[in-house]
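Single-letter residue listing:
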Amino acid sequence: MDTIEVSNLNRQFLFRQSHVGQSKAKVAREAVLKFRPHIKITPYHANVKDPDFNVDFFKQFNVVLNGLDNLDARRHVNRLCLAAEVPLVESGTTGFLGQVTVHVKGRTECYECQPKPAPKTYPVCTITSTPSKFVHCIVWAKDLLFAKLFGDKNQENDLNVHSTDAASSSEQAEDAFERRKDEDIEQYGRRIYDHVFGYNIEVALSNEETWKNRNRPRPVYSRDVMLNGLAQQNGNIFGATDDPSSVSAMASLGMKNPQDIWSLMENSRIFLEAFKLFFVKREKEFGNLTFDKDDQLAVEFVTAAANIRASSFGIPLHSLFEAKGIAGNIVHAVATTNAIIAGLIVIEAIKVLQNDTNNYRMTYCLEHPTRKMLLMPVEPFEPNKSCYVCSETPLTLEINTHRAKLRDFAEKIVKAKLGMYFPLIMHGSALLYEVGDDLDEDMVANYAANLEKVLCELPSPITSGTTITVEDLKQELTCNINIKHREEFDEEKEPDGMLLSGWTQSSSVEKDDNKSIDNGGSTSNASQTVPVDSEKNDEMGSVSSGKKRKLSEVPDAAAQDFSSVADSDGSRNHKKLELVDDDDDLLMLDADPGINKKKRLQ
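Please read these numbers as outputs of a predicted model, since none were measured by experiment.

Here is what the cut-offs are and how they apply
- Residues numbered from 1 in each chain as written.
- Predicted model: local features only at pLDDT ≥ 70, side-chain atom pairs only at ≥ 80, totals over all residues.
- Heavy atoms only, no water.
- Pairing = 2+ DSSP bridges.
- Helix = DSSP H or I, 4+ residues; strand = E, 2+ residues; numbered from the N terminus.
- Contact = heavy atoms within 4.5 Å.
- Axes fitted to C-alpha atoms, helices over the stretch in contact; angles between N-to-C directions.
- Buried < 20%, exposed > 50% of the residue type's maximum accessible area, 1.4 Å probe, protein only.
- Phe/Tyr/Trp six-rings, centres within 6.5 Å; stacked < 30°, edge-to-face > 60°.
- Lys NZ or Arg CZ within 6 Å of the ring centre and 35° of its normal.

**Q** What is the right way to read the sheet that holds strand β5 (residues 362-370) from this model?
**A** Either a parallel or an antiparallel arrangement is found when strands of a sheet pair, and the pairing is made through backbone hydrogen bonds. Ordered in space as β1-β2-β3-β5-β6, the 5 strands form an open sheet in which the pairing is mixed. If you trace the sheet from one side to the other, it starts and ends with β1 (64-65) and β6 (373-378), each paired once. In the packing of helix α3 (residues 71-84) onto the sheet, the strands contacted are β1 and β2 (88-94), and the crossing angle to β2 comes to about 165°.

**Q** Before we go on, may I ask you to explain the pairing of strand β3 (residues 97-103) in this structure?
**A** Looking along a regular strand, one sees the side chains alternate between the two faces of the sheet. In terms of residue burial, β3 counts as a mostly covered element, since 7 of its 7 residues are buried. With burial as the criterion, each face of β3 is covered, one bearing Leu 97, Gln 99, Thr 101 and His 103 and the other bearing Gly 98, Val 100 and Val 102. Sheet analysis places β2 next to β3, joined by 7 bridges and oriented antiparallel. Bridge pairing in β3 links Gly 92 to Gln 99. The turn linking β2 back onto β3 is made up of 2 residues, and Gly 95 within it adopts a positive phi angle of 60°. Pairing of β3 with β5, which is carried by 3 bridges, proceeds in the antiparallel orientation. For Gln 99, the partnering residue across the bridge sits in β5 and is Tyr 364.

**Q** What is the right way to look at the packing of aromatic side chains in this model?
**A** The geometry of an aromatic ring pair is captured by two quantities: the separation of the ring centres and the angle between the planes. Here the structure, examined in full by the defined rule, presents 26 aromatic pairs. Centre to centre, the rings of Tyr 188 and Phe 275 are 5.2 Å apart; their planes meet at 70°, and the pair counts as edge-to-face. Here Phe 275 lies in helix α9 (residues 264-281) and Tyr 188 lies in helix α6 (residues 185-205), a separation of 87 residues in the sequence. Here Tyr 188 falls in the buried class, since its relative accessible area comes to 3%. Its relative accessible area of 0% is what places Phe 275 among the buried residues. Considering the side-chain rings of Trp 211 and Phe 313, the 6.4 Å spacing of their centres and the 45° angle between planes classify their relative orientation as tilted. In this pair, Trp 211 sits in the loop between α6 and α7 (222-225) while Phe 313 sits in the loop between α10 (296-312) and α11 (320-327), placing the two residues 102 residues apart along the sequence. Judged by relative accessible area, which is 6%, Trp 211 ranks as buried. Just above the ring of Phe 177 sits the side chain of Lys 148; from NZ or CZ to the centre is 5.5 Å.

So this is what it looks like as structure tokens:
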């Protein structure tokens, strides 16, 4: 259902400037027919997860070639291909890296046989109190400050610090983020600036214990950094356009180069100007605004805010170009990599069509030569016998059956972890919950009532030792889950209050106060994050699957971690903030090309 954007044009060979705004599928068909006019191509401008694209739809094909940009859609297509028994050729690129893998039911591992990397998460205490990297400042500016000012006003947020000192000024006793009566935009913007960059830092500094082994931050107030106490304008504040995406603080201030690193004063001017433009031009969007890397004003605001905070904590400042890459998790696409991977997809598809099973290969496009090779072919692996998707191996769920509701199980496990969109939940022969358009009102009401019941109080109680069967009829996928009652969970490591095992996702780790903090292992959301580029792995944190896959037939090659890209919304909880990719143009690179102790196909 994707449409062509200007940023798509430099990474492929089918779309032109005149195609911007049109359907990718339809334009691709037209472009191919110009040089192969006698073939038949049917484009669908739709969501691959729509009910129309069911198992019967997939059965009409000899092979399916994936060029998707998010994990959920990939899992969905994998399951439909398994159900339809149609070979799947998966692919992905990120920067100079790429891969093509072949998946055939019963013969090779399926797309989900190996766990995918978990999202990169950061403890809220690090983000709000002790940032040490620029990415921490970006997450703070994007997920806390921007969201607080322009997003859902009711969300809980650590930014609205109140003083407990009775002698404090009365202004701190109120909600600092509420605009006062008769307060003009400039005054409001400066007050927000002083609150988040000045007062909040003063409050943080009052906890002497925190700064015993850290560099103390410096509070920043607008009066200290602005010329004459005011942001200098160039007289071109509002512009004539009504297009929200074209509103720009940089344009208003005559700052043109996105690769310049702004001074603290320039960042302050951009911050206040962007704040003002949001209220003047885009106030109607407030309450629903979320950060978008393609929203120029949002990128300017987040860049400036992150830089001001970075300056306070002694962290090097970054240009708007760099900040946009970090905030949007952008790995800049390379047209030659895409072309190479596209060619490899076709080569594997031809093998599938010729039933040349002995020559199927998983091929990895490397950034640096290994044994003088940039393309590394690896023989496919056999199915993972513990894969719940293609081997139907039971999973185990530890959960408090006396507290958790069926809704918790349905939302956090069945939908979020197992990727089922139209689930049916059964205990023995008792149907506890299902989704469908053909349900009568009484059934819908009955299932809705079940969702609010604690597991052990359901009509067919779920207790320790119970086995639940979960099905997705659209995916023709069935999974059995063994329930194990557990009283207590670690709020930091297991925020969902449940632990799924038998199928585990890797956890990413961020150090804080010399204590390893992860995102809950198998309870983490299945979205993924990436290093911004090959030069910034230390900044964003590389995420790899738990066990390294060694390059087959290259024993002396160092196992290479492949990062992942996904267009996922990624849930947040009160303990963690996570970076999830917003870029819908990138394909996803899978895990390392080889897992220890796995059998290759003979």
